[in-house]
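Chain residues, written in single-letter form:
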Amino acid sequence: MPECAHVAIASTISSRRMGKELDLVSVERSICPDIYHPAIARDGLLTRLRVPGGVLNESQCQALAQLLATIGLEYVQVTNRANLQLRSLDRDLDPSILTKLTECGLAASNTAVDGIRNVMLSPTAGIDAGELIDVRPLAAAWLEYLDVHPELGALSNKFSVGFDGGGSVSILDRPNDITLLAVGANEFRLYLNMGDLGTRPVPVGVILSVAECLPMLAAIAQSYRQRIEVSGGDIRRKPRLRDIIGSCGLTEFSELVRREIRGSRHFIFKNLTDRDADLVSGDLHLGVHPQRQTDRYYQGVVLPLGRWTVGQIRGLGSIASRYGSGTIRLTPWQNVLLPDVSARDLPLVQSMITDLGLVQTATHPTSLLRACAGATGCQFAATDTQADAIALAEYLAAKFTLDRPLNIHVSGCEKSCAQHDRADITLWGQSSSDRSPSYRIEIDGATAEFGRETSDLLAPERVPIAIGNFITAYHEQRRDRDESLRAFINRQSSAQLQQLLHVA
Ligand code: SF4
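Residues numbered from 1 in each chain as written. Predicted model: local features only at pLDDT ≥ 70, side-chain atom pairs only at ≥ 80, totals over all residues. Heavy atoms only, no water.

Visitor: Help me understand the overall build of the protein in this model?
Guide: What the protein contains, in helices and strands, is 12 helices and 22 strands. A burial count over the protein gives 55% of its 504 residues as buried. Summarising the internal contacts of the protein: among those between residues at least 6 apart in sequence, 64% fall at separations of at least 24. As displayed, the protein has an accessible area near 20500 Å², and 50% of this comes from carbon and sulfur atoms. (Helix = DSSP H or I, 4+ residues; strand = E, 2+ residues; numbered from the N terminus. Buried < 20%, exposed > 50% of the residue type's maximum accessible area, 1.4 Å probe, protein only. Contact = heavy atoms within 4.5 Å. Areas by Shrake-Rupley, 256 points an atom, 1.4 Å probe, with all protein chains shown as cover.)

Here's what the structure looks like:
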């Protein structure tokens, strides 16, 4: 579930759930929700639990399962920021529930800063066999800093910081406002996001020692705060860091940060090209991988569209407790990892996960499936993306055994909340001429398209057949099993591609 799904301000809409108008408009609602300030969506209230470091322990899993059972939700969704999202709520969470969440570390004790605990780190931090620095202490220090600086409640809830330890499972392509990437045993490279919505941050020509990281983050946050105080405006629509940098210019922002640090070190931010981000792949966390710890492995587990049911939360929590270290890690690809399993226990653990109805490899059609909130949750959606994505994945799973990961992205409108980077297959929701829901299909980011002409738009029920036809052609006509979808597409003419996507 994307974290940037549109939600409307309560003063303008009410919400409908189970055919009943809900009175959700009596309080001012947030645009970007946190646990204390839910937002309104089409299907009711929507709220997010920010999970520090993306790591849940056994008691948090139990508390989460209990919370869902209490409020009557079948599942929670892991978001593309490795947080947890509850939707379709018909009322705010009771104070007693909030107290329990605070006690188990799933909500900030300081209500002003819960929304800005927007910290992402590699889900394999501390266990990644290739990492340069374990970023968990640094991320924890940043969270502590936020907790004792209530003035930073002025930050946008989208003010996001990523910590990447330089290992094999990188978050460098995630669209954080700030990313620190380990590039040596005691060195981080600073990245800032200055591009369009959803773009990845870029290096700004500054290398920091571990000790310099926290002062730099604090200075950037305080500089942001100063600038929004200067500019004023609608506090519900706080600017992103990129907007602040865009309005004052990178050099002036750099100077502001330098003054805030009050150190002797001189630096000027520069907008540099990122040469590393293309190496990042979102499927590397799936399957089983050796950890840096001897005879310990982590198992990546797929949650289709990030949905994690009460039974699966309890089940994975119990497996983690019995055969791992009692922890489960959420990933920004909306899946989870089960770390610290011994080689001896792996086969049993894998079979128990399968019994929970969960897939563990990157090549299943649900593994790299992304969909935004869609028509049930977002007023801008032309299609029911969640249901259509599941139907497509089920069709493909029944018909094909994939031998390469396939990234499918279903978007209810052009805003592309669920996935900003290029997917193998993208379905763009449209309204056809008679206003019925339909899709335009894009393969490999517009290399091949079907549906640009309105008459070619496909009704949702025809999409699985079209995509199935295309995959059949790819499997039958590729040079060998190693030929990627992109390489296959690149040797087709535009007319051939149209034909491969066509549904009779
Ligand atoms: S319909 Fe558009 S705005 Fe709404 S969640 Fe989907 S992509 Fe975002």
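Resuming the write-up.
Visitor: Whenever I open this one, the site of the ligand confuses me. Can you help?
Guide: Around the ligand, the surrounding shell holds 13 residues, and the nearest of these are Cys 372, Cys 378, Ala 381, Cys 413 and Cys 417. A per-class count over the shell around the ligand returns eight nonpolar, four polar and one charged. (Near = heavy atom within 4 Å. Nonpolar A, V, L, I, M, F, W, Y, C, P; charged D, E, K, R; others polar.)

Visitor: I keep staring at the sheet that holds strand β9 (residues 161-164) and nothing clicks. Help me out?
Guide: Either a parallel or an antiparallel arrangement is found when strands of a sheet pair, and the pairing is made through backbone hydrogen bonds. In space, the five strands of this open sheet follow the order β8-β9-β10-β11-β12, with mixed pairing throughout. Where the open sheet ends on each side, the last strands, each with one partner, are β8 (119-121) and β12 (202-209). Averaged over all pairs of adjacent strands, the angle between their axes in this sheet comes to 25°, without regard to strand direction. The sheet contact formed by strand β10 (residues 178-184) and strand β11 (residues 187-192) spans six bridges and is antiparallel. Looking across to β11, one finds that Gly 184 is bridged to Glu 187. Where helix α3 (residues 136-147) meets the sheet, its contacts fall on β8, β9, β10 and β11, and the angle it forms with β8 comes to roughly 180°. (Pairing = 2+ DSSP bridges. Axes fitted to C-alpha atoms, helices over the stretch in contact; angles between N-to-C directions.)

Visitor: What's the story with the nonpolar core in this structure? I'm lost.
Guide: A general tendency of soluble globular proteins is for nonpolar side chains to be buried together. Counting 44 residues, the largest nonpolar core has Trp 142, Phe 159, Phe 163, Leu 190, Ile 220, Phe 253 and Phe 269 as the members making the most contacts within it. If one sorts the elements of this core by residue count, helix α4 (residues 210-231) sits on top with nine residues. When sequence neighbours within four positions are dropped, the list of residues in contact with Ile 220 reads Phe 159, Ile 178, Leu 190, Leu 192, Leu 241, Phe 253 and Val 257. Val 51, Leu 56, Leu 64 and Val 301 belong to the second-largest nonpolar core, a separate cluster that totals 43 residues. (Core = buried A, V, L, I, M, F, W, Y, C linked by side-chain atoms within 4.5 Å.)

Visitor: Can you walk me through the pattern of salt bridges in this structure?
Guide: Note that side chains of opposite charge can pair when their charged atoms are close. Taken as a whole and judged by the stated rule, the model has 17 salt bridges. We note a salt bridge from Glu 131 to Arg 292, for which the minimum N-O separation is 2.6 Å. On the criterion of sequence distance, the pair formed by Glu 131 in the loop between β8 and α3 and Arg 292 in the loop between β13 (287-290) and β14 (297-301) is long-range, its members being 161 residues apart. Arg 292 sits in the partly exposed class, given a relative accessible area of 45%. Glu 255 is paired through a salt bridge with Arg 259; the nearest N and O atoms lie 3.8 Å apart. With Glu 255 and Arg 259 both in helix α6 (residues 250-261) and four residues apart, this pair spans about one turn of that helix. Classification of Glu 255 by relative accessible area gives partly exposed; the value is 27%. (Salt bridge = Lys/Arg side-chain N within 4 Å of Asp/Glu carboxyl O.)

Visitor: Whenever I open this one, the environment of Ala 375 confuses me. Can you help?
Guide: Here Ala 375 shows up in the loop between β18 (368-371) and α9 (385-399). Of the residues examined, Ala 375 reaches a relative accessible area of 24% and is grouped as partly exposed. In the structure, Ala 375 is positioned 54 residues away from Gly 429 in sequence and 9.8 Å away in space, judged by C-alpha atoms. Sequence-distant contacts of Ala 375, that is, excluding residues within four places in its chain, are made with Arg 42, Ala 381, Thr 383, Asp 384 and Thr 385.

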